[in-house]
Amino acid sequence: MRGGRGAALAVALAAATASAGCGLGAGSGVGSVDFAATRDYGRSLVFERQIGDVRESDTVIRLLDRNAEITTRYGGGFIQSIDGTEGGSSDGRYLDWFFYVDGVESPVGAADRTLEGGDRVWWDFRDWTAAMHVPAVVGSWPQPFAGGYDGERHPVKIECRGGGGACGLARRRVEAAASAGSGESAGEPIRVMVGPWGRLRSDPLAALIEQGPQSSGVFARFDRSGGGFALRALDKTGQPARRLGAGAGLIAATRRYDSPPLWLVTGTDTTGVRAAAGLLGAADLRHRYAVATRHGSTIPLPLR
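Residues numbered from 1 in each chain as written. Predicted model: local features only at pLDDT ≥ 70, side-chain atom pairs only at ≥ 80, totals over all residues. Heavy atoms only, no water.

So, about the sheet that holds strand E5 (residues 85-86). The strands that make up a sheet pair up through hydrogen bonds in the backbone, lying either parallel or antiparallel. Here three strands make up an open sheet; going across it, the order is E3-E4-E5 and the pairing antiparallel. The open sheet is flanked by strand E3 (70-73) and E5, the only strands paired with a single partner. As defined by bridge partners, strand E4 (residues 78-82) adjoins E5 across two bridges and the pair is classed as antiparallel. Paired with Ile82 across the strands is Thr85, a residue of E5. (Pairing = 2+ DSSP bridges. Helix = DSSP H or I, 4+ residues; strand = E, 2+ residues; numbered from the N terminus.)

So, in structure tokens, the structure goes:
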């Protein structure tokens, strides 16, 4: 094992560890769970199914083992392959399986992550050389708004910062997603910031985007252009691959430590923000890490 890969895998175990012998007893039913596996930042679907026989004793790895062919390494503590897609390295780049529950990177391994009805579990096989840690994604919509994350439902706070009509559109769609859930909300709110990037970048958590995907997990950045900003779509190596000028929008999520995820509905200008708000829904966000838009096109991020 190469030193760099070994150090990275030690951290990756916190997000993607798995053990075949976890949990005892069936327990009572908790409802159904949406379970999916993809490749290459969600671009290629391996499988997707609604699993209705989930028990309170089930963990992410137990459900995976029942619904896919898997292999493990490091004594059963790390997922090596799912349905034949195997982790490894090639030409100095590293690929492995990572998982999200309700749009948030799990703080515990798959052997310890229990499930609740309505959870959305998403495994993705990706190149993590540029960003091993992607703390939050948008591709599990309507989660985390409908049911929260980490077993707790959170309130939602919409923060409008110059988004104009886009703010009302975003509010309606997020509140509709949240209304699909049930139970009491508690704790810190999941924030949704709506507005042009020039108005959002002063927020410390939003500003992580300007530090690159290794800090925010978002494969996009905003560069100054004239008196405003241009949106740069990055590829999976973290390098600029496409410049999106006036009218470009972005929907992304990030998170720091154990704070609630922050969603950003933003753009180069109010036109871009409006276009981004129009993408808030399962049709455009499903299995996406983040999404950019310009001139009516939907652009999954990172770029190939």
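Mapping Gln80 onto the fold places it in strand E4. Taking relative accessible area as the criterion, Gln80 reaches 10% and is therefore assigned buried. Within the structure, Gln80 has its side chain in polar contact with the side chain of Glu86 (distance 2.8 Å). The residues touching Gln80, leaving out its near neighbours within four places in the chain, are Thr71, Thr72, Arg73, Thr85, Glu86, Gly87 and Trp97. (Buried < 20%, exposed > 50% of the residue type's maximum accessible area, 1.4 Å probe, protein only. Polar contact = N/O pair within 3.5 Å; in protein donor to acceptor, adjacent residues only side chain to side chain. Contact = heavy atoms within 4.5 Å.)

All right, on to the sheet that holds strand E16 (residues 262-267) then. Here we have six strands laid out as an open sheet, ordered E10-E11-E16-E15-E17-E18, and mixed in their pairing. Across the chains shown, the open sheet's two edge strands, defined by having one partner strand only, are strand E10 (156-160) and strand E18 (297-301). In this sheet, neighbouring strand axes are inclined to one another by 15° on average, regardless of whether the strands run parallel or antiparallel. Bridging between E10 and strand E11 (residues 190-196) involves five bridges; their strand directions are parallel. When the sheet's bridge partners are listed, Glu159 is paired in E11 with Met193. Contacts from helix H3 (residues 165-179) reach E10 and E11, with the element oriented near 170° to E10. Docked against the sheet, helix H6 (residues 270-277) engages E11, strand E15 (249-254), E16 and strand E17 (290-294), running at close to 130° with respect to E16. (Axes fitted to C-alpha atoms, helices over the stretch in contact; angles between N-to-C directions.)

Turning our attention to the pairing of strand E2 (residues 44-55). Regular strands place side chains that alternate from one sheet face to the opposite one. Note that strand E1 (residues 29-39) and E2 share nine bridges and pair antiparallel. Bridged to Ala37 within E2 is Phe47.

A cis amide bond links Gln143 to the next residue, Pro144, at an omega of 10°. Positionally, Pro144 belongs in the loop between strand E9 (120-127) and E10. A cis amide bond links Leu301 to the next residue, Pro302, at an omega of 0°. Secondary-structure assignment places Pro302 in the segment after E18. One non-glycine residue, Asp40, lies in positive phi territory at about 60°. By the element assignment, Asp40 lies in the loop between E1 and E2. Even without being a glycine, Asp91 presents a positive backbone phi close to 55°. With respect to the helices, strands and loops of the structure, Asp91 is situated in the loop between strand E6 (88-90) and strand E7 (93-101). Using a relative accessible area of 78% as the deciding quantity, one classes Asp91 as exposed.

Counted under the stated rule, the structure contains one disulfide. Note on cysteine connectivity: Cys160 is disulfide-linked to Cys167, with sulfurs 1.4 Å apart. For Cys160, a relative accessible area of 40% translates into the label partly exposed. Since its relative accessible area comes to 6%, Cys167 is described here as buried. (Disulfide = S-S within 2.5 Å.)

Hairpin connection of E1 to E2: four residues between the antiparallel strands, including Asp40 at a positive phi of 60°. Summarising the sheet, E1 and E9 pair through six bridges and their orientation is parallel. Among the inter-strand pairings, Thr38 is bridged to a residue of E9, identified as Asp124.

The next subject is H6. Along an α-helix, residues three or four apart share an orientation, since each turn contains 3.6 residues. When H6 is considered as a whole, its buried residues turn out to be Gly272, Val273, Ala276 and Ala277. Along the axis of H6, the buried positions cluster into a sector of 140°, meaning they face one direction only. Those residues of H6 that are buried lie in contact with H3, E11, E15, E16 and E17. Looking at where H6 begins, the residue whose side-chain oxygen comes 3.2 Å from the main-chain nitrogen of Thr271 is Asp269. (Arc of directions from axis to C-beta.)

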